[in-house]
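Residue-level structural notes
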Amino acid sequence: RDERWLWLLFAAAWCVHVHFSLQGWDNTLLNRLQFRQVQTAISTLFYPIDQFLLAYETPLFGPPWAIPLELPLFQAIVARGASLSGLSLDATGRLISWLFFQFSLPAFFLLLGSIGVRRPLRLLCLSLLITSPIYLFFSRAFLIESTVLCFSAWFLAAFARWISGGPMTWLLLSAVTGALAATVKLTTMTVFCLAAAIYSAGWWWHARLTATEGSRRFALRVLGRSALSAVSPIAAGVAWLVYSTTVRGRNPEADIFDTV
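Please read all numbers here as calculations on a predicted model, not as lab measurements.

Here we come to the overall build of the protein chain. Of the regular secondary structure elements, the protein chain holds 11 helices and 0 strands. Ordered by position from N to C terminus, the α and β elements of the protein chain give α-α-α-α-α-α-α-α-α-α-α. Counting across all 260 residues of the protein chain, residues that qualify as buried make up 45%. When the accessible surface of the protein chain is totalled, it reaches about 13,600 Å², and 70% of it is carbon and sulfur. Both charge centroids of the protein chain, one from 19 positive and one from 12 negative side chains, sit 16 Å from each other.

Structure follows, in structure tokens:
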């Protein structure tokens, strides 16, 4: 009942999270999940630091070298960050990945509130999240996972606030973060879209159970707001899928990505 103790618990859990996240910071990427990490690092190594290139090069299958899989937002930030900071590419990639994970925590805090979790218990949930071995590993890996997790979490948090009657600001936030998440990694964003659909259906069903004129109008408004919020992520995801598939199609050796 005393929220101060849970804040202390969360602070202690975050310190544990930082301690373990720093272990092996300078280790090689040739460890667990080395193929995906090295592939991302190679794309980042050859990414131009003076422009945002959509058809970025990954020199694996010969010319033409561009075989884009995801929107290279993470690669662009890491390449620029390594150039400005003087840190090694591996260290910069780990740091940017870890920072994106930290930025996702406020979104999860808001999202837990939207589903009715009391404020003190939200701190307990976040403490469990940041001390999970899975997130301890992936939050500092040279991967795009933390990036798409951050944008997806903010999309879902903003979506929940928007359809429950929030101001237009939440719609704009869900549109931007949803579009970024869908283009950075569409498969991850699909899971969060499913969660958004379930959340929206719950609000609609709850409103329909109340047989009043106001509740019926609210049920229709929930559907309208849900559809409006889904336009940007779907459009961005489809557009990037078409573009990246077209670019990869120019390299016959890259067919493996479209057949797996």
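By size, the foremost hydrophobic cluster in this structure holds 52 residues, and its most contacted members are Leu126 and Phe142. Those elements giving two or more residues to this core turn out to be helix 1 (3-21), helix 3 (73-85), helix 4 (89-114), helix 5 (119-130), helix 7 (145-163), helix 8 (168-184), helix 9 (186-209) and helix 10 (213-248).

Tallied over the entire structure, the rule returns 3 salt bridges. Among the ionic pairs, arginine 36 bridges to glutamate 70, the shortest N-O distance being 3.1 Å. Of this pair, arginine 36 sits in helix 2 (residues 34-45) while glutamate 70 sits in the loop between helix 2 and helix 3, placing them 34 residues apart in sequence. For glutamate 70, a relative accessible area of 6% gives the class buried.

What follows concerns the packing of helix 3 against helix 4. Between helix 3 and helix 4, the least distance of the axes is 9 Å, while the angle of their chain directions is 125°. Taken together, the axes of helix 3 and helix 4 lie oblique to each other. As helix 3 runs across helix 4, the sense of the crossing is right-handed. Between helix 3 and helix 4, the residues in contact are Phe74, Ile77, Val78, Gly81, Ala82 and Ser85 and Leu89, Thr92, Gly93, Ile96, Ser97 and Phe100, respectively. Broken down by class, the residue content of the contact of helix 3 with helix 4 amounts to 7 nonpolar, 5 polar and no charged.

With that settled, the discussion passes to empty space enclosed by the protein. The final tally for this structure, using the stated rule, is 1 cavity of 30 Å³ or more. By volume, the largest cavity is sized at about 40 Å³. As for the largest cavity, its lining consists of Arg36, Gln39, Thr40, Ser43, Tyr56, Thr58, Ile67, Leu69, Glu70 and Gln75. No other element matches helix 2, which puts 4 residues into the lining of the largest cavity. Class assignment for the residues of the lining of the largest cavity results in 3 nonpolar, 5 polar and 2 charged.

There is a patch of nonpolar side chains on the surface, built from Leu9, Leu121, Leu124 and Leu128 and spanning about 330 Å² of accessible area. At 3 residues, helix 5 tops the list of elements feeding residues into the nonpolar patch. The topology assignment puts leucine 128 in helix 5.

Right, let's talk about the environment of tryptophan 7 for a bit. Locating tryptophan 7 in the fold gives a position in helix 1. For tryptophan 7, a relative accessible area of 39% corresponds to the partly exposed category. Along the chain, tryptophan 7 and leucine 123 lie 116 residues apart, while their C-alpha atoms are 6.8 Å from each other. Look past the residues within four positions of tryptophan 7 in its chain and what remains in contact with it is Arg119 and Leu123.

What counts, and where the lines are drawn
Residues numbered from 1 in each chain as written. Predicted model: local features only at pLDDT ≥ 70, side-chain atom pairs only at ≥ 80, totals over all residues. Heavy atoms only, no water. Helix = DSSP H or I, 4+ residues; strand = E, 2+ residues; numbered from the N terminus. Buried < 20%, exposed > 50% of the residue type's maximum accessible area, 1.4 Å probe, protein only. Areas by Shrake-Rupley, 256 points an atom, 1.4 Å probe, with all protein chains shown as cover. Lys, Arg positive; Asp, Glu negative; His and termini not counted. Charge placed at Lys NZ, Arg CZ, Asp CG, Glu CD. Core = buried A, V, L, I, M, F, W, Y, C linked by side-chain atoms within 4.5 Å. Salt bridge = Lys/Arg side-chain N within 4 Å of Asp/Glu carboxyl O. Axes fitted to C-alpha atoms, helices over the stretch in contact; angles between N-to-C directions. Parallel < 35°, antiparallel > 145°, perpendicular 65-115°, else oblique. Left-handed = near helix turned anticlockwise from the far one by under 90°. Contact = heavy atoms within 4.5 Å. Nonpolar A, V, L, I, M, F, W, Y, C, P; charged D, E, K, R; others polar. 1 Å grid on protein atoms, 1.4 Å probe; cavity = no way out; pocket = protein on both sides within 12 Å on 5 of 7 lines; lining within 4 Å. Points joined across faces, edges and corners; volume = space filled by probe spheres on them. Patch = residues over 30% accessible without salt bridge, like charges linked within 9 Å, V, L, I, M, F, W, Y side chains within 5 Å.

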